[in-house]
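Working through the structure, step by step
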Amino acid sequence: MSGKRESLAAFVETAAKEFGVPGVAVAVLTGGEEIHVHHGVTNVDHPLPVDEHTLFHLASVSKTFTATALMRLAEQGRVDLEAPVRWYVPELRLADEEAAARITVLNLLNHTAGLDWNLVDADEGDGSLAAFVGQLNRLPLIAPPGARASYSQAGYNLLGRVVENVTGLPFEKALAELVLEPLGLSDTVLDLDDVVVRRFAVGHNRAEDGSLTLARPWKSWRAGLRGNNPGGGVVSSASDLLRWARFQLGDGEGLMAAETLRGMREPTVELRGSTLGDAFGICWFLREVEGVRTAGHGGSGNGQFAELLLVPERDFAVVSLANSGPDGYQFNQAVLKRALELFLGVVEREPEPLPYDEERAREVAGRYEIDAMNLDIAVADGRLTLAVGIKPEIRAASDAEMPPDHPAAGVGFLPGDGDEYIVTEGGLKGQKGFFSRAADGTVTGVDLAGRLFTRA
């Protein structure tokens, strides 16, 4: 095994330099053995070496903790997954009253509630989860409950309010009591007060001139705001994340039934043309890679990126954490692919896009949007491009620094029905998605990263 560890370490160092990531932590669970590889520093201005205990912001990998806490409550008979969310959050108000009454806990867990991605300007009030949920009537709905999957941060934040109301505890304390403390995850925290007393990575964003700037705020929102914690507030280390992976792959350790954990990795709704997977389980993105079934989740914070991938049939897991954007995402994807190849002999092949088709390109060109972001697809000089970024008015109104936008990058259509695509360059390289059509064939939306952007 030492030879494979050395090969992984060499790859990690080379890839970190290639993608310009200051600090990375990688961990692999294989055959019951843990392998840790780390490279670089926590902060380019005040550097400390990264190690397996260095804390990184997990962003959306947090959802795996929230979902598991919900499943513990379900096992205890305190939450019914098929019940309307209003059983547990009677104060819930949405833009559509019928949807608010119909959405179930399971709809939130597998992103089929029809909620748009998130509220990004929900800083008013006391910063609590209750205050966040109290503003959800401003969030657009993109489909009736149960009609389709569309990844929603807001949906997971609402699940956090379910946890609060059922337990009578703040979400953070409930999560600790339900999951973190019983499993001994002592370096998995949410509050910045608990982060700063440990060694932690600082996010970095690359400017147009190639220089790195320190990411502020440290998470993707100002310190003290708790409304996004269930969907993206967890902070952890490579060591603790591998401990988390062991639990997810194991027998439940007396905390949960093994059947419950396995059930979270069973498909509940199919995904189409998505880099994230072939289906959602309960929270997990399920994907088959060259005949091997995987369950995983990624996270994108402010200059920090995280990936956790499980291969249950091989008792295998890999963690990759990086502290630079946008190329930390590409670093993590490269590490996951290399780990699958090195330890399992699984070689993932990228799909080949079709030759450029002017007519098809012009049919999909235009602006698409979610509540917080614009996605622009354009035709220029014989190529199709995709650019995505935070809406200028939201960026201008925010006191906090925000991650840079993704500039226009090449897109190619994939073989099949003609509506699936892949990004072929830039920070989103390798991302796949598809275009939605109305009954009359008109293009009405585009999916990227599991989220539906509606044509403006």
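For every chain, the first residue of the written sequence is number 1, and numbering continues from 1 along that sequence. Note on the predicted model: pLDDT of at least 70 is required for a residue's local features to be given, and 80 or more for side-chain atom pairs to be given and counted; whole-chain, interface and lining totals, by contrast, use all residues. Side-chain measures were taken over the full set of non-hydrogen atoms in the model, leaving aside hydrogen atoms and water.

**Remarks on the overall build of the protein chain**
- Counting from the N terminus, the helices are the DSSP runs of H or I reaching at least four residues and the strands are the DSSP runs of E reaching at least two. Looking only at helices and strands, the protein chain features 14 helices and 20 strands.
- Put simply, the radius of gyration uses C-alpha atoms, and a globule should come to 2.2 Å times the residue count raised to 0.38. Computed over the C-alpha atoms, the radius of gyration of the protein chain is 21 Å, within 12% of the 23 Å expected from 2.2 N^0.38 for a compact globule of 456 residues.
- Its C-alpha atoms give the protein chain principal-axis dimensions of roughly 55 × 55 × 45 Å.
- In the protein chain, which comprises 456 residues, the share counted as buried stands at 57%. Relative accessibility decides the category of a residue: with a 1.4 Å probe and only protein chains considered, values under 20% of the type maximum give buried, values over 50% give exposed, and everything between is partly exposed.

**Focus: the nonpolar core**
- To form a nonpolar core, buried Ala, Val, Leu, Ile, Met, Phe, Trp, Tyr and Cys residues must be joined to one another through side-chain atoms within 4.5 Å. Ranked by size, the top nonpolar core spans 75 residues in total, and within it Phe65, Leu109 and Leu136 carry the most contacts.
- For this core, the leading source of residues is helix α10 (residues 238-249), giving 7 residues.
- Here Phe65 is in contact with Leu58, Leu175, Val179, Leu180, Leu185, Thr188, Val234, Leu241 and Trp244, once residues within four sequence places are set aside.
- Within the second largest apolar cluster, 31 residues are counted, among which are Leu375, Val411, Tyr421 and Phe435. Should any heavy atoms of two residues lie within 4.5 Å, those residues are counted as being in contact.

**A short note on the sheet that holds strand β11 (residues 305-311)**
- A strand pair is defined by DSSP finding two or more bridges across the two strands. Taken together, 8 strands build an open sheet; the order of strands is β2-β1-β12-β11-β10-β9-β8-β7 and the sheet is antiparallel. The open sheet has two edge strands with one neighbour each: β2 (33-40) and β7 (269-274). Put simply, the sheet's adjacent strands are angled 20° from each other on average, direction ignored.
- Fitting a line to C-alpha atoms yields each axis, with helices limited to the stretch in contact; the angle taken between N-to-C directions then spans 0 to 180 degrees. Contacting β1 (23-30), β2, β11 and β12 (316-322), α10 crosses the sheet at an angle of about 150° to β12.

**Section: the sheet that holds strand β16 (residues 406-413)**
- Judged by pairing direction, the barrel is antiparallel, and its 8 strands sit side by side in the order β13-β14-β15-β16-β17-β18-β19-β20 before closing back on the first. Taking the axes of each pair of neighbouring strands and ignoring which way they run, one obtains an average angle of 30° across the sheet.
- As defined by bridge partners, strand β13 (residues 366-369) adjoins strand β14 (residues 373-380) across 4 bridges and the pair is classed as antiparallel. Bridged to Gly366 within β14 is Ile377.

**Some details on the side chain of Thr54**
- Looking at the secondary structure, you find Thr54 in the loop between β2 and β3 (56-57).
- Separated by 2.9 Å, the side chain of Thr54 and the backbone nitrogen of Asp51 make a polar contact.
- What Thr54 contacts, discounting residues up to four positions off in sequence, is Thr42, Pro49, Arg199, Phe200, Ala201, Ser236, Ser237 and Ala238. Under the rule applied, a polar contact is a pair of N or O atoms within 3.5 Å (in protein, one hydrogen donor and one hydrogen acceptor; residues adjacent in sequence only if both atoms are side-chain atoms).

**Side note on the pairing of strand β20 (residues 451-455)**
- Two elements, β13 and β20, share 2 bridges in a ladder whose sense is antiparallel. Looking at β20, one finds that Glu369 is bridged to Thr454.
- Taking the residues that link successive antiparallel strands as the turn, the strand β19 (residues 443-448)-β20 hairpin has 2 residues, and the phi of Ala449 there is positive, at about 55°.

**Quick notes on the pattern of salt bridges**
- Just to be clear on terms, a salt bridge is a Lys or Arg side-chain nitrogen sitting within 4 Å of an Asp or Glu carboxyl oxygen. Tallied over the full model, the rule gives 26 salt bridges.
- Put simply, Glu425 and Arg383 hold a salt bridge, and the shortest N to O gap is 2.4 Å. Highlighted residues: Glu425 in the loop between β17 (420-423) and β18 (432-437) and Arg383 in strand β15 (residues 383-390), separated in sequence by 42 residues.
- The partly exposed category is assigned to Glu425, whose relative accessible area is 30%.
- The partner of Arg437 in a salt bridge is Asp419, with the nearest N and O atoms 2.9 Å apart. Taken as a pair, Arg437 in strand β18 and Asp419 in the loop between β16 and β17 lie far apart in primary sequence, 18 residues in all.
- Assessed through its relative accessible area of 10%, Asp419 is described here as buried.
- Because the salt bridges share partners, they merge into one network encompassing Glu91, Arg161, Glu164, Glu172 and Arg226.

**Re the environment of Thr112**
- Relative to the helices and strands, Thr112 resides in the loop between α4 (105-109) and α5 (129-133).
- Between the C-alpha atoms of Thr112 and Pro145, which are 33 residues apart in sequence, the distance is 6.1 Å.
- Residues in contact with Thr112, not counting those within four places in the same chain, are Leu106, Asn107, Pro144, Pro145, Gly146, Ala147, Arg148, Ala149 and Val269.
- Within the structure, Thr112 has its side chain in polar contact with the side chain of Asn110 (distance 2.6 Å).

**Remarks on helix α6 (residues 153-167)**
- For α6, with 15 residues, the first-to-last C-alpha span of 22 Å sits near the 21 Å given by 1.5 Å per residue.
- With 13 of 15 residues buried, α6 is to be regarded as a mostly interior element.
- Residue Ser152 occupies the N-cap position of α6, its side-chain oxygen lying 3.4 Å from the main-chain nitrogen of Ala154. Helix span, as expected, comes to 1.5 Å for every residue beyond the first.

**Here we look at the packing of helix α2 (residues 62-75) against helix α7 (residues 171-180)**
- For the pair α2 and α7, interaxial distance at closest approach is 9 Å and the crossing angle is 70°. Taken together, the axes of α2 and α7 lie roughly perpendicular to each other. Of the residues in α7, those in contact with Phe65, Thr66, Thr68, Ala69, Arg72 and Leu73 of α2 are Phe171, Leu175, Glu177, Leu178, Val179 and Leu180.
- Polar here means any residue other than Ala, Val, Leu, Ile, Met, Phe, Trp, Tyr, Cys and Pro, which are nonpolar, and Asp, Glu, Lys and Arg, which are charged; Gly is therefore polar. Along the lines of polarity and charge, the residues of the contact of α2 with α7 split into 8 nonpolar, 2 polar and 2 charged. Between 65 and 115 degrees an angle is taken as roughly perpendicular, under 35 as roughly parallel, over 145 as roughly antiparallel, and anywhere else as oblique.

**Overview of the environment of Leu310**
- Summarising the element assignment, Leu310 is placed in strand β11.
- Along the chain, Leu310 and Arg367 lie 57 residues apart, while their C-alpha atoms are 36 Å from each other.
- Apart from the residues lying within four places of it in its own chain, the contact partners of Leu310 are Ala245, Gln248, Leu249, Arg265, Trp284, Arg293, Thr294, Ala295, Phe316 and Ala317.

**Some words on the packing of aromatic side chains**
- Only rings of Phe, Tyr and Trp enter the pairing, Trp through its six-membered ring, and a pair is recorded when the two centres are within 6.5 Å. The plane angle decides the type: under 30 degrees is stacked, over 60 is edge-to-face, the rest tilted. Applying the stated rule across the entire model yields 10 aromatic pairs.
- With 6.1 Å between their ring centres and 40° between their planes, Phe316 and Phe343 make a pair best called tilted. On the criterion of sequence distance, the pair formed by Phe316 in strand β12 and Phe343 in helix α12 (residues 327-344) is long-range, its members being 27 residues apart. We note that Phe316, like Phe343, is buried.
- Ring pairing ties together the aromatic residues Tyr368, Phe413, Tyr421 and Phe435, which thus form one cluster.
- Charge-over-ring contacts are defined here by two conditions on Lys NZ or Arg CZ: a distance within 6 Å of the ring centre and an angle within 35 degrees of the ring normal. Directly above the aromatic system of Phe413 lies the positively charged group of Arg360, at a separation of 4.4 Å from the ring centroid.

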